[in-house]
Amino acid sequence: MARSLQPSARPHGAQRILGATVLVVEAFIVFFALLVAHQLVPDQRALSWTWGLVTAVALIICSGMLKRGAGPYYVGMVLQIPVILLGLQVSAMWAVGPAFAALYVFSVLKGNQLDREKDAVDAAHWRAQEAEGADGAA
C-alpha cells in the first residue's frame, strides 16, 4: 500500500485530484455535522466547535498538501478518525464517517492505479513517436 501512496509525477494526477476532492467534500460534511451538533448537544458547544473546525480546516489543508509526498496521504487517513468519532455527538456520522474513509482510501488507491496506467500509455506513445522519427530519418 505504501507504494500506492506515493504521489504520481503528474501535476494534476488522478490520485491527487480524487483524494483532494474527497477531503474537501468531507470538510463540508464535517462543518454541516458541526451545525447539527450545535443543536443536538448544547452543553458541549465549545467542544463541538473546536473539534469540528479543527478537523475541517485540517482536511482542507491536507487536501492542498497532497502534492508534497506520501506524508499528507497518511495524514488524510489519520484525519478519518476524528471524522468518524464525530458520531459521538451526531449519530449519523457513525455511518457517514466510515463511508468517507472508505471513499478516501479507494480514491487514493484507484487514482494511483489510473496514474500508473496513464504513464504506461504515455511511455508507449513516446516510444512509438521516437521509433517513427528514427525510421523517417534513415
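What this report covers is the structure whose coordinates are included nearby. Owing to the predicted nature of the structure, the values given are computational and were not obtained by experimental measurement.

Taken together, the side chains of Phe 28, Phe 31, Phe 32, Leu 35 and Leu 53 define a hydrophobic patch exposed on the protein surface, amounting to about 450 Å² of accessible area. Here the nonpolar patch takes four residues from helix H1 (residues 14-40), the largest share from any one element. Looking at the secondary structure, you find Leu 35 in helix H1.

Take the nonpolar core next. Leu 23, Val 30, Leu 59, Leu 66, Leu 86, Met 93 and Tyr 104 are the most contacted members of the largest nonpolar core, which has 22 residues in total. Listing elements by their share of this core, those giving two or more residues are H1, helix H2 (45-64) and helix H5 (93-137). Those residues in contact with Tyr 104 that lie beyond four places of it in its chain are Gly 19, Val 22, Leu 23, Leu 66, Pro 72, Tyr 73, Gly 76, Met 77 and Gln 80.

Next up on the list: the pattern of salt bridges. As enumerated under the stated definition, the model contains one salt bridge in all. As a salt-bridge pair, Asp 122 and Lys 118 come within 3.2 Å of each other at their nearest N and O atoms. Taken together, the residues Asp 122 and Lys 118, both in helix H5 and four residues apart, mark about one turn of the helix.

As a further point, take the packing of aromatic side chains. Counted according to the given criterion, the structure contains two aromatic pairs. Summarising the aromatic geometry, the rings of Phe 31 and Trp 49 are spaced 6.5 Å apart at their centres and angled 70° between planes, so their arrangement reads as edge-to-face. Separated by 18 residues along the polypeptide, Phe 31 in helix H1 and Trp 49 in helix H2 bring together distant segments of the chain. Within the aromatic cluster, the residues linked to one another by ring pairs are Phe 31, Phe 32 and Trp 49.

The rules we used
- Residues numbered from 1 in each chain as written.
- Predicted model: local features only at pLDDT ≥ 70, side-chain atom pairs only at ≥ 80, totals over all residues.
- Heavy atoms only, no water.
- Patch = residues over 30% accessible without salt bridge, like charges linked within 9 Å, V, L, I, M, F, W, Y side chains within 5 Å.
- Areas by Shrake-Rupley, 256 points an atom, 1.4 Å probe, with all protein chains shown as cover.
- Salt bridge = Lys/Arg side-chain N within 4 Å of Asp/Glu carboxyl O.
- Helix = DSSP H or I, 4+ residues; strand = E, 2+ residues; numbered from the N terminus.
- Core = buried A, V, L, I, M, F, W, Y, C linked by side-chain atoms within 4.5 Å.
- Buried < 20%, exposed > 50% of the residue type's maximum accessible area, 1.4 Å probe, protein only.
- Contact = heavy atoms within 4.5 Å.
- Phe/Tyr/Trp six-rings, centres within 6.5 Å; stacked < 30°, edge-to-face > 60°.

Functional significance is not addressed by these values, which are geometric in nature.
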